[in-house]
Structures are given as structure tokens and as C-alpha cells.
Amino acid sequence: MIEIRWDWIASHLDDVVDKTWQHLILLVIPMLIGFGIAFALAIIAMRRPGTVGPVTAVTGLLYTIPSLAAFAVLIPITGLTLATAIIPLTTYTLLILYVNTVAGLRSIPPEVNEAADAMGYTPSARLLRVQLPLAVPLIMAGVRVAAVTTIGLVTVSAIIGGQLFGGLGQFITEGLQTGFDTKIYLGAVGSVILAFIVDGALVALQRWLTPWARARAEVG
């Protein structure tokens, strides 16, 4: 029978907060790096369509590498450092972020781009003021999927990194090692709750970035 020690959780709230914060750090850093790389590759793809296939293939190959294998392979190279977690977590975001960013930019109707050119927009101004705002829904869809996926992978990284990587997955590892069910369920449920919270925050961010879509929905 599974027994959850609520008194233990109540007395270790500081530890829960610390590991949640560690989990968020291991989420935010790879997401920011991954988005920067994916966005740059997407801009290149828009100017050189021939690069879409090769880049998609490479990022797809990186995405198929088992997470535990990726962490284990890097340990002899980077050691038990933060980079050992950051590098694989970043590569796993690339395919999702790249494909959705390209799809978002490609979804802009040609007449919209032509109208922007006719108004005298430079390519950079057209990207920032016309294309990106219209591409936000598809781009954010990719960000949401990548974020939730990364939260799960951060949980797995604790199996390799233990206390070094931290995160809520450390509770699961420690619980399995000691047979303490409370830690196992705290880590698992905590990761799920964190995923819901992050996804909700990203939905709110998307609505803030696209006020016209919200106004249209209210009118409809």
C-alpha cells in the first residue's frame, strides 16, 4: 500500500521550492538557447528554402537520440557539469521550435508581404513588425510543446546528474533508492503540475502578444 507522508512534505517545503527552482533553470536556459538557434535557422530557411530539408533532418536526428544515452555520452566530455544537462536539453528543443517557426513564417499570405514591401518596409522591419506578430500562434505552439517536453527530460536528467543537476526528478531518484514513496510521488506529481503551470503561463503570454486575436474572439 502506498503511503504519502504529508507531514514530511510540509516539513520539507524549502527543499521542494529549491528543486522546483532548479527545474525551472534547467527548463529556461535550454529553451532560450534552443529558440535562439531555431529562430536563426528559420530566418535562413526563409531566405534559402533549400536549407529546410537538411536542417529538419539534422534536428530530427538529434531529437531521436535517447535522452539517457545523450547524457551518458557527454559525461566523459563535459563531466558532471551543468553543460552535460544543458546541451542535450537544448538539442531536443530544436526540431519542434524550428519546424513551428518556419511554419509560422511561411503561413503569412504573400499579399501581406507584398503590402509591407509597398509601404516601404525593409526586410528586417517587415520581419519584426509584420511577419513575426502574425506567426506568433504557430511559434508559440512549438514553444509550448518544447517546454512541456523539456520539463519531462529535466526529470530524467536527475537519474544521471543526481544532486548536481537537481530538479524535481531528484526526489524520484532518491525515493527509488530509499524506497520512500512520498519522494517518488512528490517528484512525479510536482513535474506534472509544473508542466501545467508553465503551459498556462505560455498561453497567457501568447494572448498578450496577440491582442487582436483575443479581440476577434470576444467579438465572435
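It should be noted that the structure appears before, not after, this text.
Parameters and conventions
Residues numbered from 1 in each chain as written. Predicted model: local features only at pLDDT ≥ 70, side-chain atom pairs only at ≥ 80, totals over all residues. Heavy atoms only, no water. Helix = DSSP H or I, 4+ residues; strand = E, 2+ residues; numbered from the N terminus. Buried < 20%, exposed > 50% of the residue type's maximum accessible area, 1.4 Å probe, protein only. Core = buried A, V, L, I, M, F, W, Y, C linked by side-chain atoms within 4.5 Å. Contact = heavy atoms within 4.5 Å. Expected span 1.5 Å × (residues − 1). Bend = angle between axes of the 7 residues up to and from the residue. Salt bridge = Lys/Arg side-chain N within 4 Å of Asp/Glu carboxyl O. Phe/Tyr/Trp six-rings, centres within 6.5 Å; stacked < 30°, edge-to-face > 60°. Lys NZ or Arg CZ within 6 Å of the ring centre and 35° of its normal.

## Here's the deal with the overall build of the protein chain
Helix and strand counts for the protein chain stand at 10 helices and 0 strands. Projected onto the principal axes, the alpha-carbon positions of the protein chain cover approximately 70 × 45 × 25 Å. Buried residues in the protein chain amount to 40% of all 220 residues.

## As for the nonpolar core
If you look at the biggest cluster of nonpolar residues, it comprises 33 residues, and the most contacted ones within it are Y98, L105, V143 and V198. Those elements that provide at least two residues to this core are helix 1 (6-11), helix 2 (13-47), helix 3 (52-64), helix 5 (82-106), helix 7 (123-161) and helix 9 (181-209). Take this core: its biggest share by element is 10 residues, from helix 7. The contact partners of L105, leaving out residues within four places of it in the chain, are A42, I43, M46, L127, Q131, L132 and A135. Counting 9 residues, the second largest nonpolar core, distinct from the first, contains L26, F71, I86 and V154.

## A look at helix 5
Here helix 5 contains 25 residues, and its C-alpha end-to-end distance of 36 Å stays within 8% of the 36 Å for a straight helix at 1.5 Å per residue. At L94, helix 5 shows its strongest bend, of approximately 30°.

## A closer look at the pattern of salt bridges
Here the structure, examined in full by the defined rule, presents 5 salt bridges. Close ionic contact of K19 with D15 constitutes a salt bridge, the shortest N to O distance being 2.7 Å. Of this pair, K19 and D15 both sit in helix 2, 4 residues apart, which is roughly one turn of that helix. You can call D15 partly exposed: its relative accessible area is 24%. With its nearest N and O atoms 2.8 Å apart, the salt bridge here joins R144 to D199. Taken together, the positions of R144 in helix 7 and D199 in helix 9 put the pair 55 residues apart, joining distant regions of the chain.

## A look at the packing of aromatic side chains
With the rule as written, the count across this model stands at 4 aromatic pairs. With 6.3 Å between their ring centres and 80° between their planes, Y63 and Y92 make a pair best called edge-to-face. Pair noted here: Y63 is in helix 3 and Y92 is in helix 5, with a separation of 29 residues, a long-range link. Judged by its relative accessible area of 5%, Y92 falls in the buried class. Through successive ring pairs, a cluster of aromatic residues spans W8, F171 and F180. Across from the ring centre of F171, 5.0 Å away, lies the NZ or CZ of K19, which sits over that ring.

Structural measurements only, silent on function.
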